[in-house]
Amino acid sequence: MVLNYIWIGFILIAFLIGVVRLVFFGDTEVFPAMMSSTFDSSKTAFEISLGLTGVLSLWLGIMKIGERGGVVNALARVLSPVFTRLFPDIPKGHPVSGSIFMNIAANMLGLDNASTPLGLKAMEQLQELNPKKDTATNPMIMFLVLNTSGLTLIPVSIMVYRAQMGAANPTDIFVPILLATFFSTLAGIIVTSLYQKINLLNRTMLLTLGGMCAVVAAIIWGFQKLDSEMMNVVSTSAANILLMTIIVGFILAAMRKRENVYDAFIEGAKDGFTTAVRIIPYLVAILVAIGIFRASGAMDWLIQGITCAVEATGMDSQFVGGLPTALMKPLSGSGARGMMVDAMQTYGADSFVGRLASIFQGSTDTTFYILAVYFGSVGIKNTRHAVSCGLLADLAGIIAAIFICYLFFG
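**Q** Sorry, what's going on with the packing of aromatic side chains here?
**A** The relation between two aromatic rings is expressed through the spacing of the ring centres and the mutual angle of the planes. The final tally for this structure, using the stated rule, is nine aromatic pairs. In textbook terms, an aromatic cluster arises when at least three aromatic residues are bridged by ring pairs, as seen for Phe10, Phe293 and Phe368.

**Q** Sorry if this is basic, but what is going on with the nonpolar core here?
**A** In this structure, Phe87, Met123, Phe143 and Phe375 are the most contacted members of the largest nonpolar core, which totals 57 residues. Top contributing element to this core by residue count: helix α17 (residues 367–378), with nine residues. Once residues within four sequence positions are removed from consideration, phenylalanine 143 is found in contact with Phe87, Ile100, Asn103, Gly119, Ala122, Met123, Leu126 and Tyr374. Formed by 30 residues, the second largest nonpolar core is a distinct cluster that contains Ile173, Ala180, Phe352 and Phe409.

**Q** Is there a simple way to explain the packing of helix α2 (residues 30–69) against helix α12 (residues 280–295) in this structure?
**A** Any two packed helices are characterised by how steeply their axes cross, that is the angle between the axes, and by the distance between the axes. At a closest axis distance of 8 Å, the pairing of α2 and α12 adopts a crossing angle of 150°. With respect to each other, α2 and α12 are oriented roughly antiparallel. The handedness of the crossing between α2 and α12 is right-handed. Contact residues: α2 offers Val30, Ala33, Met34, Ser37, Thr38, Ser41, Ser42, Thr44, Ala45, Phe46, Ile48 and Ser49, while α12 offers Ile280, Leu283, Val284, Leu287, Val288, Gly291, Ile292 and Ala295.

**Q** Any chance you could explain a nonpolar patch on the surface here in plain terms?
**A** On the surface, Phe15, Leu16, Val19, Leu22, Val23, Phe24, Phe25 and Trp301 cluster together into a nonpolar patch covering about 840 Å² of accessible area. Among the elements that take part in the nonpolar patch, helix α1 (residues 2–25) stands out by supplying seven residues, more than any other. Here valine 23 is to be found in helix α1. By relative accessible area, which is 57% here, valine 23 ends up exposed.

**Q** Can you walk me through empty space enclosed by the protein in this structure?
**A** Any space left empty among the atoms is revealed by the rolling of a water-sized probe across them. Tallying each qualifying case throughout the model produces one cavity of 30 Å³ or more. In this structure, the largest cavity spans a volume of roughly 30 Å³. If you trace the largest cavity, you find it lined by Ala76, Ser80, Phe83, Thr84, Phe87, Ile90, Pro91, Lys92, Gly93 and Ser97. Counting residues per element, the lining of the largest cavity draws most heavily on helix α3 (residues 71–86), which supplies four residues.

Conventions used here
Residues numbered from 1 in each chain as written. Predicted model: local features only at pLDDT ≥ 70, side-chain atom pairs only at ≥ 80, totals over all residues. Heavy atoms only, no water. Phe/Tyr/Trp six-rings, centres within 6.5 Å; stacked < 30°, edge-to-face > 60°. Core = buried A, V, L, I, M, F, W, Y, C linked by side-chain atoms within 4.5 Å. Buried < 20%, exposed > 50% of the residue type's maximum accessible area, 1.4 Å probe, protein only. Helix = DSSP H or I, 4+ residues; strand = E, 2+ residues; numbered from the N terminus. Contact = heavy atoms within 4.5 Å. Axes fitted to C-alpha atoms, helices over the stretch in contact; angles between N-to-C directions. Parallel < 35°, antiparallel > 145°, perpendicular 65-115°, else oblique. Left-handed = near helix turned anticlockwise from the far one by under 90°. Patch = residues over 30% accessible without salt bridge, like charges linked within 9 Å, V, L, I, M, F, W, Y side chains within 5 Å. Areas by Shrake-Rupley, 256 points an atom, 1.4 Å probe, with all protein chains shown as cover. Salt bridge = Lys/Arg side-chain N within 4 Å of Asp/Glu carboxyl O. 1 Å grid on protein atoms, 1.4 Å probe; cavity = no way out; pocket = protein on both sides within 12 Å on 5 of 7 lines; lining within 4 Å. Points joined across faces, edges and corners; volume = space filled by probe spheres on them.

By themselves, these observations are geometric and do not establish any function.
Encoded structure:
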């Protein structure tokens, strides 16, 4: 229901702004641009789904091998003490715990191509436990908030973009992104737990969150001792080695159980193809609404309004130049990426705004895209508090990114 109102709101606001620009400013190009965006966005949605087909088939096939080999069930048993508290509605030791963990691990390492198929697999398993098939359950919402908050340990792609844009030290945003995305994820967990009345003040959860803080601190300490070139080599190599280790480990585990590895892969790959086709309408819907909103100039007007409001209070307004990336990120990953590159081109890769835009890009994830794809893959229509929790986590990430950028580069 919330997505319904948001979808209608984007289109109506865009239409009203288009009328204002036409009537009061004589802008005859606004409506052609809005209509053109509908066709472009529809094409983009199909291309994304088409591009996902191969990746989904690959990783759902690998996941099926892991299931047959017992690896996913083993992960579920290991994670049971934590997951029974964070996801109390999931039966103890259920295989979905392993799928959720693998998705989160792929997200933390910046492995986008692997994380989406693993996440869709987890959603299918969560839907099997859902008594109301059109309504999001508490575990589904907690899982999606963990995704939308975008916890990333190694932001490889952002460092690559900074290098291409001529940054003197492309990796100088590594620690700020790690801190911002950590606060975003922590806020998402706390907000969703309050909605769902989950008690986080217990020994297991406090040790887990404390352990996460220790891991983040250790990564920061370790990477600070590396130069920029070595940091890129280590982060990229670690991610790719982990992926190959997972694939080989799943195959060996299935062979040990005398499973037909090839047949298991084909069975999972078939699910990947059907899932990719199923999400096309949901992607078209959300991307068309976002495209119209952008083409109407609504985003530009919003930024100008924020700039005027900040300047009126006498506050430093240089952070506003990076806000387009922050505001676009929940709507569109590619749009936010474009805003980040534009900020680095306009202000310089090593400018405050250029660095802030990079931190914004890495601090959260594409909330509406994730909700549309993940909920659409299992036919969820009533999203309950998923949107509000996801956006609050995004807001925490944005605020944290601004303060951290001033701390490091202000």
